[in-house]
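# Structural overview for review
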Amino acid sequence: MKMMDKPKALYLVKNSSGCALHVWAVSSDQAKRIFCKEYGIRPSDYWCGLSALTARKLKPEEVKAWEEQAEAERDTLVFIRGMLEIGAKAYAERGRAV
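Residues numbered from 1 in each chain as written. Predicted model: local features only at pLDDT ≥ 70, side-chain atom pairs only at ≥ 80, totals over all residues. Heavy atoms only, no water.

### Quick notes on the packing of aromatic side chains
The condition is simple: Centre distance within 6.5 Å is the pairing criterion for rings of Phe, Tyr and Trp, where only the six-membered ring of Trp is used; planes under 30 degrees apart are then read as stacked, over 60 as edge-to-face, and the remainder as tilted. Note on conventions: DSSP H or I runs of at least 4 residues are helices, E runs of at least 2 residues are strands, and numbering of each starts at the N terminus. A simple rule labels every residue: compare its accessible area, found with a 1.4 Å probe on the protein chains alone, to the largest value its type can have, and call it buried under 20%, exposed over 50%, or partly exposed in between.
On inspection of all chains with the given rule, the structure shows 3 aromatic pairs. Relative to Tyr39, the ring of Phe35 lies with its centre 4.7 Å away and its plane at 45°, an arrangement referred to as tilted. With Phe35 and Tyr39 both in helix α1 (residues 28-39) and 4 residues apart, the pair spans about one turn of that helix. Residue classification places Tyr39 among the partly exposed residues on the basis of a relative accessible area of 40%. Look at Tyr46 and Trp47: their rings are 4.9 Å apart centre to centre, the planes differ by 85°, and that puts the pair in the edge-to-face class. Relative accessible area serves as the criterion here: at 60%, Tyr46 is assigned to the exposed category. The exposure class of Trp47 is exposed, given its relative accessible area of 68%.

Take a look at the structure:
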């Protein structure tokens, strides 16, 4: 007998210093574990691990707003990465010309 997969929801996970991450997960515990993995934190760490994190399931209207904003942020990051590559290539060429 196969168990049905639970649907994933979008969680906002934060630590005490204000670092935040949006995570698709089945539960808040799973969202916190994903946060720990992303930032290289041991989940069992008393000061930084699961017990020190908060995870809030976002409401449908918050998810929609986040998805709309995420697309614009991705576009911005792609642009910045391209500009950095152009700058790095120009710097490397200038170094060869000297």
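### Focus on the environment of Ser16
Within the fold, Ser16 resides in the loop between β1 (9-14) and β2 (20-25). Here the alpha-carbon distance between Ser16 and Leu58, two residues 42 residues apart in the chain, equals 19 Å.

### Notes on the side chain of Lys32
Basically, it comes down to this: In this tally, Lys and Arg are treated as positive and Asp and Glu as negative; His is ignored, and so are the chain termini. Any Lys or Arg side-chain nitrogen found within 4 Å of a carboxyl oxygen on Asp or Glu counts as a salt bridge. In what follows, residue pairs with any heavy atoms lying within 4.5 Å of each other are defined as contacts.
Within the secondary structure, Lys32 is located in helix α1. The buried charged residue Lys32 lacks any salt bridge, with Asp29 as its nearest oppositely charged partner at 6.2 Å. In this structure Lys32 touches Val13, Leu50, Leu53, Thr54 and Ala55, once residues within four positions along its chain are discounted.

### Some details on the nonpolar core
Quick note on the threshold: Nonpolar cores were defined as sets of buried Ala, Val, Leu, Ile, Met, Phe, Trp, Tyr and Cys residues, with membership established by side-chain atoms within 4.5 Å.
Membership of the largest hydrophobic core is limited to 11 residues, which are Ala9, Tyr11, Val13, Leu21, Val23, Ala25, Ala31, Phe35, Cys36, Leu50 and Leu53. At the level of secondary structure, the elements contributing two or more residues to this core comprise β1, β2 and α1. The residues touching Leu50, leaving out its near neighbours within four places in the chain, are Asp29, Lys32, Arg33, Cys36 and Pro43.

### Examining the sheet that holds strand β3 (residues 54-57)
Applied cut-off: Following DSSP output, two strands are said to pair if at least two bridges run between them. Angles here are taken between N-to-C directions and fall from 0 to 180 degrees, while the axes themselves are lines fitted to C-alpha atoms, restricted in helices to the stretch in contact.
Here we have 3 strands laid out as an open sheet, ordered β2-β1-β3, and antiparallel in their pairing. In this open sheet, the two strands that pair with only one neighbour each are β2 and β3. Each strand axis lies, on average, 30° off the axis of its neighbour in the sheet, ignoring direction. Across 4 bridges, the pairing between β1 and β3 is antiparallel. Residue Tyr11 lies in a different strand from β3, and its bridge partner there is Lys57.

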